[in-house]
Each structure stands twice: as C-alpha cells, then as structure tokens.
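Spelled out, the chains give:
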Amino acid sequence: MATQFGRKLACELIFSHFGESVQKVCESLVYRGQLPLPEIARYTGMNITQLRNCLLVLIQHNCAQAFKVEHEGVGSAPQRVSTSYIALTDNILHRLRFPKFLVLVKEDVGDQAEALIEGLLEHGRQTLEQLIQRAAARGGKAVGEVATAVKDCFGKLLSNHYVERCPAPEPSLRPKIAVEPPKKTPPANGAIGEEQRVMSAAAPTDAERFQVPVSLINMGGTDMEMGDTTPIGQKRKREALQMDTKTAAAVDEKEVLWRVNYEEFIRRLRHQVCVAFVRSRVDSVAGTVLEGMLDATRRLETSAKQHSSVPVSSDTIMNSVRNLPLGQGMTVERLRVGLQQLASDSAGYVSRAGERAGLAEGNQYVVNLHKIIELLRQIEVEGIVLQRYGRECCRIFRLLALKGQLEQKQIGERAMVPKDVRELLYQLLKDHYIQVQEIAKTTEHVASKSIHLWRVNMRAVLHQVLDDMYHAASNLSQRLAHELEKEQEVNDTKSIQEHVKRISRITTVLEASLLKLDDAILLFHDF
Amino acid sequence: MASRLGATINKILDLCRAHSQGLPQKVLDEELQEVEVEIIKQSLNFLLQKQKLQVFMQGESIVYREQDTEAAAKFKGLTSEDMLVYQAIQQAANTGIWTADLKKRTNLQQLQVNKALKNLESRSLVKPVKTVSNKNRKVYMLFELDPSREVTGGAWYTEQDYDAEFVDVVKQQCLHFILKQGLASLEDVAESVRRSGITQVELRLEEFKQILDTLVLDGDIEEVVGGAPSSSHAPVSFETVCYRASRSRIPETSALTSVPCGICPVLRECRPDGLISPQTCIYFKDWLTF
Ligand code: SF4
C-alpha cells in the first residue's frame with residue numbers, strides 16, 4: 001500500500017499529466033477507496049458526462065479499474081449489481097518511472113521496441129493495428145511497409161512479457177466474505193488490499209495475458225517458438241477458435257487491446273539491482289552467475305515481489321550464463337566457485353534448493369531475492385541515518401537493530417557515547433527511527449523507578465522512510481512546477497538566454513534528483 | 001610495679017607477633033592468667049595510646065594486633081574518632097565511601113565525621129574522589145589507593161570525564177592496523193596498539209573489544225570467524241573471531257539525503273500551503289542557485 005504521501009504524489013502526477021478534473025476524480029478514488037459513479041459525482045461536484053470522460057482517461061491509462069459488485073438482497077429487496085471504480089495507485093506511481101522503462105527495453109530489445117513501448121505508455125492501451133499505424137505515421141511510411149517489422153518486434157516484446165493483453169473491463173467481485181482471489185495466488189505477505197483484490201479479479205491468467213495474437217502466429221520467421229511459449233490452456237483456446245484464421249487475425253488486430261506490462265519492467269529492474277549489488281559486494285563472476293540464474297527463471301516468477309527464484313540446476317545456469325555478454329568465457333569450474341561463494345556468504349544470496357526440504361535434489365539452486373532486497377533496504381536506511389544524524393546516531397541505530405532492546409546506560413557504553421546518549425536517542429526518537437518502551441516497576445509509574453527500553457522497529461522505520469521519500473519526491477515535483485510557472489511570469493532585464501539557461505539547469509537537477517529518488521522508492525515499495 | 005608493667009607490655013607484643021592473624025581477647029586472658037587485671041589494663045592502654053596496638057571486633061570477640069612502627073607514626077596524634085572513620089574508609093577499599101554512609105557506619109555525628117575527614121585529609125591518609133556515576137558526590141578512600149573502574153569510569157575517562165578524543169585516537173590506531181594487516185585478531189590489535197606507544201594508559205582486552213565493536217557498528221570493519229593466522233601468535237583456530245575491512249560500508253550518500261528535503265529539519269511540518277512549503281522553501285532556493 002502506498003503511504004500517505006505516496007497517495008498525494010499519485011494525485012499530483014495525475015494532475016500534471018491529465019489536468020485538474022481528472023485529478024479531482026482520481027483524488028476521490030485514491031483517498032476514499034472504491035466508489036460507484038454517483039458517489040464520485042457527489043464528492044467532485046461534476047456532471048456525469050464530464051465524470052465519465054475523466055474515468056475513461058484513468059482507465060485508458062491503467063490508473064483505475066471498474067468492477068461489478070454484487071449486493072446480497074436485503075429483506076424483500078432483490079439482489080442487485082452495481083459498478084464501482086477503484087484507483088490503481090501503484091500503477092499511477094509507475095508513471096514516474098516511464099523513462100526507466102524506456103531505457104531498459106531499448107537496451108534489451110532495441111530502438112524499435114523502445115518506440116513501440118513509448119507509444120503504448122503514451123496512449124495507455126492500444127490495438128496492434130493502432131501500434132502499426134503509429135509506427136507508420138512516425139516513420140512517414142505506408143502501413144504495409146512497416147507492418148511486418150512492427151509485428152516482429154511486437155512478438156519479441158510479447159514473448160518477453162513486456163506487453164500484455166488488457167484485463168477484463170468490468171470483472172465481478174463477489175461480496176467480501178468469500179474473498180478468494182480467483183486466479184493468482186496472493187502475495188506471501190498475507191493481507192491483500194482492496195486494490196489487489198480487484199486487480200486479481202480483473203487479471204487474465206498468465207496464459208491469456210501473453211497469448212500471441214493470431215496474426216502473429218501465422219507469421220513465419222519470428223523467434224517465437226510456439227512449443228515453449230504456449231501453455232496448454234492457450235492451445236485449448238486456439239482449438240476452440242472456430243473462426244476462419246484470417247477473420248480471427250483481423251479481429252485480433254483491431255479489437256484486442258494491449259498495454260505495457262509494468263510488472264515485468266519492475267521485475268527486471270529488481271533483478272538488475274540485485275545483480276549490481278552482488279557484483280559490487282562479492283565480485284563480477286558472482287554477479288554474472290546471479291544474472292544467469294535470474295534470466296533462466298524469470299518467466300517462472302509468479303509475482304513481481306517474488307520471494308525466491310524457482311530452483312534451477314547448475315547445467316541450466318551454465319547455459320544461461322553463456323548467453324550473457326559477460327559470461328561467454330565462463331567455465332564449469334568458475335561457475336561452481338561462483339555458486340559456492342554465493343551460497344556460503346553470510347548474506348545468503350543463494351541457497352541449494354533441496355536443503356530446506358531435506359531432499360537430495362541434485363544441484364538445484366534458488367536466489368533469495370527477498371534477502372538481497374532486505375539487505376539493500378537496510379543499507380539505504382543506515383545511509384540515511386548517517387547523513388541525517390551523524391556517525392554516533394547511526395552507530396546507536398545499528399546497535400539497536402542488531403541487539404533488540406537495550407537500556408540507555410547499556411547503549412551509552414556499547415556505542416561509546418556515555419555522555420550524549422540521551423540527546424542522541426531523543427533525536428532518533430523524534431523522527432520515529434527508534435522507539436522507547438517504559439516498563440514501570442511501580443504502579444504509580446514513577447519515572448525514576450521505571451526501566452526504559454529502546455529499540456528499532458524496522459518495519460515502521462521502512463514505512464516512515466518510504467513516506468519521507470514520497471514526500472520529498474512530491475516536494476521536488478511541486479518545486480519544479482513552481483519554477484516553470486514563475487519563469488513565465490518574470491519579465492526583467494536579464495537576457496532571455498540567461499533565463500533559458502537557468503531554468504534548464506533547474507529542470508535538469510530536479511528531474512535527475514526525482515529519478516534517483518524514485519530508484520529508492522522502487523526499492524522500498526515495489527521490489 | 002613499673003618493671004612488671006614493662007614485662008607485661010612486652011609479653012603482649014610478643015603474643016601479638018605470635019598471632020599474626022590477630023590476638024583474641026580469650027587467648028590474651030589465658031596467657032596472662034597470673035598478671036593482675038589492673039596491670040593488663042594499664043599495659044593495653046599504654047600500647048593503644050602509643051598507637052602500637054590496634055583493636056578490632058571479630059564477631060563477638062575483641063582482637064588485638066600490633067601496629068607496625070611506620071604505621072604507628074602515621075597515626076600518631078589521631079583521636080579515636082579519627083581512627084574509626086579511617087577504618088571505615090579502609091574497609092570501603094577502592095570503591096570509596098560516601099560521607100552519609102560513613103556517618104551510618106561509625107555512628108558518629110556529621111560534625112565529628114567532617115572533623116575526622118579534615119584531619120585525615122590534611123595528613124594525606126585519605127582522599128576525596130569524584131565518581132563518574134554522580135559528579136556531585138564525592139567518595140573517600142585511602143590515599144594510596146587507585147579508584148576502581150566504577151568510580152573512574154575506566155580507561156576511557158580522564159579525571160572522571162569521558163575522553164572522547166583519546167577514544168578516537170585509539171580507535172583510529174586499531175582501524176589503521178586492521179586495514180594494514182588485512183585480517184587481525186583482537187589480541188593482534190591490542191598488541192600493536194600497546195607497542196605503538198600512543199598511550200600510557202593500561203588498556204585491557206576488554207577495552208579493545210569495546211573499540212572493535214564500535215568499529216563494526218560504524219561499518220568500518222567486520223567480524224569473520226576463522227581465517228588464516230595473521231601473525232606470529234598462537235595459530236588461529238576455526239572459532240577465532242578476526243576482523244577485516246568491511247565489505248559493506250555505510251553509504252556516504254543516499255538519494256533521499258541528496259535533496260534538501262531529505263535532511264530538512266522541518267520536513268514533517270512542510271505543506272504546500274503551509275508556513276513552510278516547497279514553493280517558498282529557502283533550502284531549495286540555495287540549492288537551485290548556481
Ligand atoms: S521543501 Fe524545503 S522546507 Fe519543505 S521539506 Fe523540503 S527542504 Fe524542507
């Protein structure tokens with residue numbers, strides 16, 4: 001769930017991308033949860049036509065989802081069905097990272113892929129036909145000239161899960177009591193929010209999401225091996241298609257809506273961060289081995305926040321590593337050493353798959369993605385404490401995170417700050433980095449007779465830090481908007497050139513900082 | 001009479017020497033059965049007055065011990081109250097004793113205690129010492145004693161004040177050694193610092209451990225269990241904890257703290273239309289002035 005400032009930032013993004021009325025609608029959904037149309041009208045004071053348009057924009061851009069709610073009949077009243085809307089806050093916030101998505105897909109698939117993704121991001125949802133038309137228009141060519149190349153490229157994007165079919169427009173949500181997300185398994189952390197509930201109700205199965213359009217299946221020469229990318233469910237579907245292939249292809253091209261699969265981009269960014277970390281913490285070989293493992297198992301991940309990768313044999317890892325630019329010269333021996341290093345490190349990057357189950361699984365390995373992410377978060381938090389409060393506070397923070405609960409006197413001794421310990425503790429307490437608990441020895445809670453135990457509640461800290469990050473990001477973008485606005489008003493003697501120079505520097509600094517800050521937000525919220 | 005007194009005095013001193021643990025009253029009585037009680041009394045008084053003899057209570061019985069001559073000179077002229085206070089202070093050893101406790105222990109009036117302390121202090125027999133735990137509270141201990149760690153705070157305290165600078169010097173030296181050495185045990189580090197001669201203060205392994213622990217907490221070094229022997233010392237066993245440069249230093253920058261809001265003291269008060277806002281913020285203004 002996004003934090004308080006996360007929601008605020010989401011609304012601000014909608015404002016700057018789609019204007020005031022869409023933002024109003026978005027705000028009512030973000031802050032009030034799911035709402036039916038009349039309620040949104042009441043909160044926003046807009047007329048229904050205007051409102052519908054705003055909702056369409058939000059849905060088109062995957063920022064909101066409609067769904068049907070079944071109401072049980074009460075008394076003599078019959079059962080009825082109404083439509084409600086919900087904001088997809090996480091998707092809204094993904095708008096911050098569109099530049100990152102483009103860089104990623106360009107590096108992985110190429111320029112044309114980047115252009116296609118760019119178009120999709122810009123329009124939210126499009127048919128294959130629209131994508132082809134856009135490419136043609138931009139290249140100044142006829143549709144017929146670009147169609148094959150675009151389809152080819154689109155096929156690559158699809159087989160890599162960068163794009164997906166749009167979810168059902170209005171899924172039905174059964175009354176809350178029998179909450180069972182119909183398709184995807186809920187995330188390991190348990191409680192699923194309303195947003196996720198609706199999303200999973202709307203989400204097609206993986207087979208449907210990435211089902212290849214008919215017009216691509218019959219295209220020769222694409223690198224799509226139907227054998228390995230077509231799950232059984234899809235085959236059945238295909239058989240059920242009684243339509244003549246040509247008609248089907250045309251319908252597919254004109255009617256099926258596609259969108260960018262954010263989840264895949266997030267997953268890849270997450271993997272990149274893990275690989276980079278291991279590369280710098282252990283060494284380059286270990287980094288490459290990890291990259292190979294993640295490449296080999298990426299498609300089998302069921303969630304963007306996958307706890308650990310699925311087990312994979314060292315042979316498969318070897319093949320995968322050899323496909324990497326840095327892994328071409330990898331020998332079996334070096335791979336073995338690299339794996340050993342990863343598995344024996346106290347950070348627990350990798351473990352043997354059979355170990356836990358006590359099975360002799362052979363040489364199967366898993367990447368403990370969550371451990372790497374947790375470690376990265378912890379390091380980031382420690383850096384923040386160090387920058388904000390200095391070395392002593394950071395030492396105290398680490399001490400408490402390590403030892404659990406301690407009294408002031410013990411902290412002073414162990415952190416070697418006997419004199420200032422009280423002051424340092426209160427600094428951290430004030431900004432919620434640590435907590436204190438009073439254990440009264442007397443019923444009257446006489447302060448001098450009570451024991452005060454200090455501790456770090458890491459979950460709370462991570463949440464707080466994330467909220468601060470959203471807050472800072474929101475401030476950055478507000479300041480940027482403010483600077484741009486101010487620039488239009490000024491009318492002084494300085495030369496135009498000077499103004500342009502200044503504002504472009506400000507823009508560069510603010511935008512770059514925002515993107516960097518978003519890296520940290522990704523780490524704390526999406527990974 | 002005078003000669004008998006002299007003989008008795010000598011006899012008592014002999015007995016004291018024969019019972020170096022202290023001469024109980026009972027033994028004295030038995031040994032001096034044929035001497036008149038009056039003479040014994042006079043002899044004891046004489047010896048006590050001359051500070052040649054000390055009297056103690058051991059459980060229920062009275063015990064005598066000879067005062068050596070040097071000590072006798074030391075205590076010459078002190079009143080019995082002074083001695084009472086002195087003995088209570090002596091018992092407190094290097095932890096020292098507080099005046100309120102002295103009063104309780106000796107059953108004397110505050111004034112008497114103060115007077116005795118003044119006497120003892122002026123003769124350099126006892127001294128007042130400030131304690132780290134409570135700066136305004138003085139404790140007394142024998143002049144020749146070094147105050148205990150509870151009183152002084154230990155090696156890191158100079159004059160009962162925490163000496164952060166000294167700690168830092170030692171810390172840097174330890175870090176320097178570990179980085180140079182690559183891998184070092186606690187003993188190696190202690191040895192090198194002692195040899196470096198940067199300090200006259202006697203540091204124990206305990207104190208070095210404390211230093212290394214803070215270096216670990218600072219993310220400068222990390223512990224490794226086992227590892228190769230790093231010096232000529234006893235071979236490093238598998239369980240030996242060694243220290244080396246940390247592979248995960250605490251980052252010196254972060255995305256959040258690189259923008260003004262990340263280190264802003266009023267972040268939590270900052271609102272778009274508030275008194276403090278991103279539009280009017282002076283930190284931003286400075287940051288965006290090139
Ligand atoms: S905008 Fe300025 S005042 Fe507000 S949090 Fe950021 S630095 Fe602080």
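What this report covers is the structure whose coordinates are included nearby. Bear in mind the structure is a predicted one, so any value in this text is a computation, not a measurement.

On to the packing of helix α2 (residues 20–32) of chain A against helix α3 (residues 37–44) of chain A. All names here are of chain A. Look at α2 against α3: their axes get within 10 Å of each other, and the N-to-C directions meet at 110°. As judged from the angle between their axes, α2 and α3 are roughly perpendicular. Crossing angle aside, the handedness with which α2 passes α3 is right-handed. Here Lys24, Val25, Ser28, Leu29 and Arg32 of α2 lie close against α3, whose contacting residues are Ile40, Tyr43 and Thr44.

This paragraph deals with the packing of aromatic side chains. All names here are of chain A. Within this structure, the stated rule accounts for 13 aromatic pairs over all chains. Where Phe101 meets Tyr262, the ring centres are 6.0 Å apart and the plane angle is 40°; that geometry is what we call tilted. Taken together, the residues Phe101 in helix α6 (residues 98–108) and Tyr262 in helix α16 (residues 262–281) connect sequence positions 161 residues apart. When sorted by exposure, Phe101 lands in the same class as Tyr262, which is buried. A centroid spacing of 6.4 Å and a plane angle of 70° characterise the contact between Phe277 and Tyr349, whose relative ring orientation is edge-to-face. Of this pair, Phe277 sits in helix α16 while Tyr349 is found in the loop between α19 (332–344) and β9 (350–352), placing the two residues 72 residues apart along the sequence.

Let's shift gears to the sheet that holds strand β5 (residues 126–130) of chain B. Residue and element names in this part refer to chain B. Spatially, 3 strands are ordered β4-β6-β5 in an open sheet, and the strand pairing comes out antiparallel. Bordering the open sheet on either side are β4 (97–98) and β5, each of which pairs with just one other strand. Sheet topology note: the β4/strand β6 (residues 138–142) ladder contains 2 bridges and is antiparallel. Among the inter-strand pairings, Trp98 is bridged to a residue of β6, identified as Val139. Most of the contacts of helix α5 (residues 80–91) go to β6, to which it runs at about 95°, and overall it touches β4, β5 and β6.

Before going further, it helps to spend a moment on the site of the ligand. All residues adjacent to the ligand are A:Asn475, B:Pro260, B:Cys261, B:Cys264, B:Val266, B:Leu267, B:Cys270, B:Ile276, B:Pro278, B:Cys281, B:Tyr283 and B:Phe284. Nearby residues place the ligand at the junction of chains A and B. Split by residue class, the shell around the ligand holds 11 nonpolar, 1 polar and no charged.

What counts, and where the lines are drawn
Residues numbered from 1 in each chain as written. Chains lettered and ligands numbered in written order. Predicted model: local features only at pLDDT ≥ 70, side-chain atom pairs only at ≥ 80, totals over all residues. Heavy atoms only, no water. Axes fitted to C-alpha atoms, helices over the stretch in contact; angles between N-to-C directions. Helix = DSSP H or I, 4+ residues; strand = E, 2+ residues; numbered from the N terminus. Parallel < 35°, antiparallel > 145°, perpendicular 65-115°, else oblique. Left-handed = near helix turned anticlockwise from the far one by under 90°. Contact = heavy atoms within 4.5 Å. Phe/Tyr/Trp six-rings, centres within 6.5 Å; stacked < 30°, edge-to-face > 60°. Buried < 20%, exposed > 50% of the residue type's maximum accessible area, 1.4 Å probe, protein only. Pairing = 2+ DSSP bridges. Near = heavy atom within 4 Å. Nonpolar A, V, L, I, M, F, W, Y, C, P; charged D, E, K, R; others polar.

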